[in-house]
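Each chain, written out:
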Amino acid sequence: MDRPLRLITANPVDRLARVVEALLVVASQPLSVDDLAAATNDDPERIETALRLLGERYAEGRSGIVLERAAGGWAFRASREAAEACGRLFERPVERGLSAAAMETLAIVAYFGPCTRPDIARIRGVAADSVVAGLVERGLIAEAGRDAEAAGAIRYRTTPMFERVFGLESLAALPRLDDLGGDADVIRERLEAVAQQRSA
Amino acid sequence: MIVRELELDLDAFEGPFDLLLTLVLREELELAEVDVAEIVLAFCERLEDRGRLDLDACGEFLVLVAGLLELKARGLFPEEALELSELEPEEAAEELARRLADYRRMKDAAAWLSERLESESERFFRLGPAPLAPAVERQLAPQEPARLGAALRLLATEPPVLSLGHMALRFPPVSQFLERFRAVLRRRRRFDFESEVAGLSRVEAAVAFLAMLELRKAGEVSLEQASTFSPIRVLGTRAPKAKEGDESQWIARSA
């Protein structure tokens, strides 16, 4: 512990921090600054200050409860040192037994969503119906309207639960698309060489 | 090595390659669910096990898998088959490269997500039903009572009553047609039902038909029809007349 715990006093921001703390305890998914501002009827900037205060108090190594930024909001989770004990008592049903096909489908929906099942099938080369149904059931993806062009096919996007489970502050925390598929250029060159031979 | 006996263990199918082909051709197995890459891998492993290159088997396998892939591609993208067939080799290579690159990226992204899940396996948090954003009561802007009153008065006026009169079905009484048919039968012994109801509305014709059946039930007429949809001929009999008044209140609606 590098610094002594800051006492939460009667200072107005401290009072606000206590209310924010209470809201986060009751919530079962991340709350955004706007959610917190609306609930406390207070200013977003003061909410940010209160969250900084709470972040110091609920930090890894300092508390069993840790405040984290997740899925575009703020939420409490268990500290990593409690993980083993948590693992003995609690299941992780959302991510348990995700297949390789499910991971690929999740990646496609995360990067290209909202997208339809035919969009997913086009990239993976395999029908996506059962995988998509499984991911919807787990709550990792959800319906997001219909595609007017593709005969009203249902479109899917990832849920805040997806970001939470994978520990992402937002979808922007995913690796950049350009940084993935390093050998794609090699494939392209080989294919172009074959095409040139054929057309020659 | 006999390609058709290649044992497969796929997500969608388990058994010899030959059976897979049969099931696909009989449309008992959805080819879209079959991962063809897995079949190729199984074949390559089998070749590897044997330790020598069997060109006959390779040739046969290539033909079968190419056919399978073509079938699958047509099944997955029926509307694209046409536009893709018109592509020049360079364009086709470009399109294929683009799709392969997309897939390669998504495979990498999936691997990244798997690693991420592994590294995040120590994070435990509360899971609840979504969504849980508290429903915050929205504050209304200040309102003037007079304007509110005017708006309410506008809503409170009763809309004009719509007349549905033109939609009502009018059923003439059956007795009207009983009388009419009896009058006809007094003049001549037989008549054609169709010519008698010609020019009547659909509902009137239906009521006339009920009247005809009523006469038949009472034994006042007998009916003849050569075949389905041919004219119905009504013949008067000399049977006693049914009691008057019984049917005077008889209208189609009560049927």
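The present account deals with the structure reproduced in this document. Note that the structure is predicted; figures quoted are calculated from it, not measured.

**What to know about the overall build of chain A**
Piece 1. The helix and strand tally for chain A stands at 9 helices and 5 strands.
Piece 2. Listing the helices and strands of chain A from first to last along the sequence gives α-α-α-β-β-α-α-β-α-α-β-β-α-α.
Piece 3. Out of the 200 residues belonging to chain A, those deemed buried represent 32%.
Piece 4. Summarising the internal contacts of chain A: among those between residues at least 6 apart in sequence, 51% fall at separations of at least 24.

**Details of the overall build of chain B**
Piece 1. Counting its regular elements, chain B contains 9 helices and 5 strands.
Piece 2. Its helices and strands taken in sequence order, chain B reads β-β-α-α-α-α-α-α-α-β-α-α-β-β from the N to the C terminus.
Piece 3. When burial is assessed residue by residue, chain B has 12% of its 255 residues classed as buried.
Piece 4. Contacts in chain B between residues far apart in sequence, at least 24 positions, make up 60% of those at least 6 positions apart.

**A closer look at the packing of helix α1 (residues 12-26) of chain A against helix α2 (residues 33-40) of chain A**
Residues and elements named next belong to chain A.
Piece 1. Axis separation between α1 and α2 bottoms out at 11 Å; the angle between their running directions is 115°. On the basis of the axis angle, α1 is roughly perpendicular to α2. For the element pair α1 and α2, the recorded crossing hand is right-handed. Judged by residue contacts, Leu16, Val19, Val20 and Leu23 of α1 engage Leu36, Ala39 and Thr40 from α2.

**Looking at the sheet that holds strand β5 (residues 153-158) of chain A**
All names here are of chain A.
Piece 1. Ordered by their spatial adjacency, 3 strands build an open sheet running β3-β5-β4, and the pairing between neighbours is antiparallel. If you trace the sheet from one side to the other, it starts and ends with β3 (115-116) and β4 (141-147), each paired once.
Piece 2. Strand direction decides the pairing type here: β4 and β5, joined by 5 bridges, are antiparallel. Bridging from a neighbouring strand, Ile141 pairs with Thr158 of β5.

**Topic: the interface of chain A and chain B**
Piece 1. Every contact between the two is made by 48 residues of chain A and, on the other side, 39 residues of chain B.
Piece 2. When residues of the side of chain A that touches chain B are traced back to their parent elements, those giving at least two are α2, β2 (73-78), α4 (83-89), α5 (100-112), α6 (117-124), α8 (160-165) and α9 (184-199) of chain A.
Piece 3. The element that contributes the greatest number of residues to the side of chain A that touches chain B is α9(A), accounting for 9 residues.

**Some thoughts on helix α9 (residues 202-217) of chain B**
Residue and element names in this part refer to chain B.
Piece 1. With 16 residues, α9 extends 23 Å from end C-alpha to end C-alpha; this agrees with the ideal 22 Å at 1.5 Å per step.
Piece 2. Here α9 has its buried residues at Val207, Ala208, Ala211, Met212, Glu214 and Leu215. One side of α9 carries all its buried residues, which in axial view fall inside an arc of 160°. Projecting away from the buried face of α9 at angles above 90 degrees are the exposed residues Arg202 and Lys217.
Piece 3. Close packing links the buried residues of α9 with α7 (174-187), α8 (193-197), β4 (221-225) and β5 (232-236).
Piece 4. Positive phi appears at Gly219, one or two residues downstream of α9, with a value of about 80°.

**Points about the nonpolar core**
Piece 1. Leu106(A) and Ala107(A) are the most contacted members of the largest nonpolar core, which totals 32 residues.
Piece 2. Put simply, the parts of the chain that give this core at least two residues each are α5, α6, α7 (129-138) and α8 of chain A together with α5 (89-119) of chain B.
Piece 3. Looking at this core element by element, the count peaks at 7 residues for α5(A).
Piece 4. Ignoring any residue separated from it by four or fewer positions in sequence, one finds Ala107(A) in contact with Met106(B), Ala109(B), Ala110(B) and Leu113(B).

**A look at unusual backbone geometry**
Only a minority of non-glycine residues have a phi that is not negative, and only a minority of peptide bonds are not trans.
Piece 1. The omega torsion across Gly113(A) and Pro114(A) is -5°, close enough to zero to call that bond cis.
Piece 2. When you line up the elements, Pro114(A) lands in the loop between α5 and β3.
Piece 3. One non-glycine residue, Ala71(A), lies in positive phi territory at about 50°.
Piece 4. Tracing the sequence through the fold places Ala71(A) in the loop between β1 (65-70) and β2.
Piece 5. Residue Phe229(B) is not a glycine yet carries a positive backbone phi of 70°.
Piece 6. Mapped onto the fold, Phe229(B) is located in the loop between β4 and β5.
Piece 7. Overall, Phe229(B) belongs to the exposed group, with 7 C-beta atoms counted inside 10 Å.

**Looking at the environment of Met103(A)**
Piece 1. With respect to the element layout, Met103(A) can be found in helix α5.
Piece 2. With 21 C-beta atoms packed within 10 Å, Met103(A) lands in the buried category.
Piece 3. The spatial distance from the C-alpha of Met103(A) to the C-alpha of Val131(A) is 9.5 Å, given a sequence separation of 28 residues.
Piece 4. Met103(A) has contacts with Leu98(A), Ala110(B), Leu113(B) and Ser114(B), leaving out every residue within four places of it along the chain.

**Here we look at the sheet that holds β4(B)**
Residues and elements named next belong to chain B.
Piece 1. Ordered by their spatial adjacency, 3 strands build an open sheet running β3-β5-β4, and the pairing between neighbours is antiparallel. Each edge of the sheet is formed by a strand with only one pairing partner; in this case those strands are β3 (190-192) and β4. The average angle at which neighbouring strand axes cross in this sheet is 20°, direction not considered.
Piece 2. Strand direction decides the pairing type here: β3 and β5, joined by 3 bridges, are antiparallel. Bridging across to β5, Arg190 finds its partner in Leu235.

**A look at the pairing of β5(B)**
The two faces of the sheet receive side chains in turn, since in a regular strand these alternate between them.
All names here are of chain B.
Piece 1. In terms of strand pairing, β4 meets β5 through 5 bridges, oriented antiparallel. Looking at the pairing, Gln225 lines up with Ile232 of β5.
Piece 2. Taking the residues between adjacent antiparallel strands as the criterion, β4 and β5 are bridged by 6 residues, where Phe229 takes a positive phi near 70°.

The rules we used
- Residues numbered from 1 in each chain as written.
- Chains lettered and ligands numbered in written order.
- Predicted model: local features only at pLDDT ≥ 70, side-chain atom pairs only at ≥ 80, totals over all residues.
- Helix = DSSP H or I, 4+ residues; strand = E, 2+ residues; numbered from the N terminus.
- Buried ≥ 20, exposed ≤ 12 C-beta atoms within 10 Å, placed from the backbone.
- Contact = placed C-beta atoms within 7 Å.
- Axes fitted to C-alpha atoms, helices over the stretch in contact; angles between N-to-C directions.
- Parallel < 35°, antiparallel > 145°, perpendicular 65-115°, else oblique.
- Left-handed = near helix turned anticlockwise from the far one by under 90°.
- Pairing = 2+ DSSP bridges.
- Expected span 1.5 Å × (residues − 1).
- Arc of directions from axis to C-beta.
- Core = buried A, V, L, I, M, F, W, Y, C linked by C-beta atoms within 7 Å.

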